[in-house]
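Each chain, letter by letter, is given below.
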Amino acid sequence: MFCLLCSSEEKLYDGLCKSCFLKEFELVEVPEYATFKACSHCGAIQKHEKWVQSGYYDDEIINDAIRKEIKINDKLSNAQITTEILNNRGRVYECVLHVTGDVIGEPIEKDYPIDVKVEKSVCPDCSKFFSGYYEAVIQLRADDRKLEDEEINEADIFIANEIQRISKTNKLAYVTERTVLKEGVDYQVGSYNAAHKIAVNLQKNFGGTIKESRKIVGRDKSKSRDLYRTWLSVRLPSFHKNDFIEYEDEIYQIKKIGSHKFMGMNLKDHSEESISWKQYDKINKIATMDDVCETTITNITPTEIQVLDPDTYMTVDLKYNDDHNHNIGSQINVIKIKERIYIL
């Protein structure tokens, strides 16, 4: 038998002598070009079937794109493939594959040119953003009162800063729509996780309570599961600092508002008490600083102070345990709640 190419008489491999076979043997099938996807909006790259933020196209991404397109010859053993990037022209990377291995007991190596093209696309997260997708709604409300403009402005700034911080690790941390309603403000947030973090931090910063509810808004057929949307109601308290509340039949002036509790001064003896937000439903706001008035001191004893009732101008004797120096005839701040006068 003769070699089909050189007519030499020796052992043949697929009709060719060893020398011609090795010359003609293709180690891999290489297409004209390979591609990988990059998001045209955020620059994310599809890598190993997942979209990742890269910032640049590294060798691994280009290698992955090539490996998906080439096919190694079944007769080649111990195959080793390396990629060399020769040039970059815009969205095209000119590369060469260095392929080595063994065939018919002989080592073999060949180089194959291939272009890798960047295919512009839209990642799932950007697609959700531009379609107005959202998983949660933060409902900013005030209990038994209207939200004040200053509170809304502070909340807007706070939420914007939170979005900027969380979006560094969560691309769905965005507000797709802000709606002002007569009862408050709604913020549609792309990610439930981001919305939950923001709601918790809002409550820590402004006080109040959080309630969460959700309902089914669709079904993901590919994953056979229901899709939910969550409403996070952040309800600011009915009172502000220095307002007056009634709690367990005692009257308190609010001195400090915190994330887990608030501090009130008992007007009866001026002692301070911490009250948990869990007790909020048991609290009634009964007065503000607008209800505070000045009255005249008419007499002082070591244990009592006598003042004029600001409504009737009748004298009233009150227990006196104030360290401040007061004089008969001077003015003092008081508040009258449920027909009882308290010294402030």
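What counts and how
Residues numbered from 1 in each chain as written. Predicted model: local features only at pLDDT ≥ 70, side-chain atom pairs only at ≥ 80, totals over all residues. Heavy atoms only, no water. Disulfide = S-S within 2.5 Å. Axes fitted to C-alpha atoms, helices over the stretch in contact; angles between N-to-C directions. Helix = DSSP H or I, 4+ residues; strand = E, 2+ residues; numbered from the N terminus. Parallel < 35°, antiparallel > 145°, perpendicular 65-115°, else oblique. Left-handed = near helix turned anticlockwise from the far one by under 90°. Contact = heavy atoms within 4.5 Å. Buried < 20%, exposed > 50% of the residue type's maximum accessible area, 1.4 Å probe, protein only. Phe/Tyr/Trp six-rings, centres within 6.5 Å; stacked < 30°, edge-to-face > 60°. Lys NZ or Arg CZ within 6 Å of the ring centre and 35° of its normal.

## Topic: the state of the cysteines
Turning to step 1, where the next piece is worked out: In the structure shown here, the tally under the stated rule is zero disulfides.
Turning to step 2, where the next piece is worked out: The thiol of Cys17 is unpaired, and the distance to the nearest cysteine sulfur, on Cys20, comes to 3.5 Å.

## Things to note about the packing of helix H4 (residues 149–166) against helix H5 (residues 192–206)
Turning to step 1, where the next piece is worked out: One way to put it is that H4 packs onto H5 with a least axis distance of 10 Å and a crossing angle of 135°. The angle between H4 and H5 places the two elements in the oblique class. Our pair here, H4 against H5, has a crossing hand that is right-handed. Of the residues in H5, those in contact with Glu151, Glu154, Ala155, Phe158, Ile159, Glu162, Ile163, Arg165 and Ile166 of H4 are Ala194, Lys197, Ile198, Asn201, Leu202, Asn205 and Phe206.

## What to know about unusual backbone geometry
Turning to step 1, where the next piece is worked out: The residue Asn242 is not glycine, and still its phi comes out positive at about 80°.
Turning to step 2, where the next piece is worked out: With respect to the element layout, Asn242 can be found in the loop between strand E15 (225–236) and strand E16 (244–247).
Turning to step 3, where the next piece is worked out: Phi at Tyr313 is positive, roughly 65°, even though this residue is not glycine.
Turning to step 4, where the next piece is worked out: Mapped onto the fold, Tyr313 is located in the loop between strand E22 (304–308) and strand E23 (315–319).
Turning to step 5, where the next piece is worked out: Looking at Tyr313, the relative accessible area reads 60%, which means it is exposed.

## A short note on the environment of Cys20
Turning to step 1, where the next piece is worked out: With respect to the helices and strands, Cys20 occurs in helix H1 (residues 18–24).
Turning to step 2, where the next piece is worked out: Along the sequence, Cys20 and Cys3 sit 17 residues apart, while their C-alpha atoms lie 8.1 Å from each other.
Turning to step 3, where the next piece is worked out: Sequence-distant contacts of Cys20, defined by excluding residues within four places in its chain, comprise Cys3, Leu5 and Cys6.

## Quick look at the packing of aromatic side chains
Turning to step 1, where the next piece is worked out: Scanning all chains against the criterion turns up 11 aromatic pairs.
Turning to step 2, where the next piece is worked out: With centroids separated by 6.2 Å and ring planes inclined at 50°, the aromatic side chains of Phe239 and Tyr280 adopt a geometry described as tilted. Note that Phe239 is positioned in the loop between E15 and E16 and Tyr280 in the loop between strand E19 (272–276) and strand E20 (283–287), a separation of 41 residues in sequence.
Turning to step 3, where the next piece is worked out: On the accessibility criterion, Tyr280 (7% relative accessible area) is buried.
Turning to step 4, where the next piece is worked out: Seen in terms of ring centroids, Phe262 and Trp277 are 4.8 Å apart; in terms of plane orientation they differ by 55°. Their pairing is tilted. Of this pair, Phe262 sits in strand E18 (residues 261–266) while Trp277 is found in the loop between E19 and E20, placing the two residues 15 residues apart along the sequence. Of the two residues examined, Phe262 and Trp277, each falls in the buried class.
Turning to step 5, where the next piece is worked out: The rings of Phe239, Phe262, Trp277 and Tyr280 are connected pair by pair, giving a single aromatic cluster.
Turning to step 6, where the next piece is worked out: Above the face of the Tyr33 ring, Lys117 is positioned so that its terminal group lies 4.0 Å from the ring centre.
Turning to step 7, where the next piece is worked out: Looking at Arg229, its charged tip hangs above the ring of Tyr134, at a distance of 3.9 Å from the centre.

Purely geometric numbers; function is a separate question.
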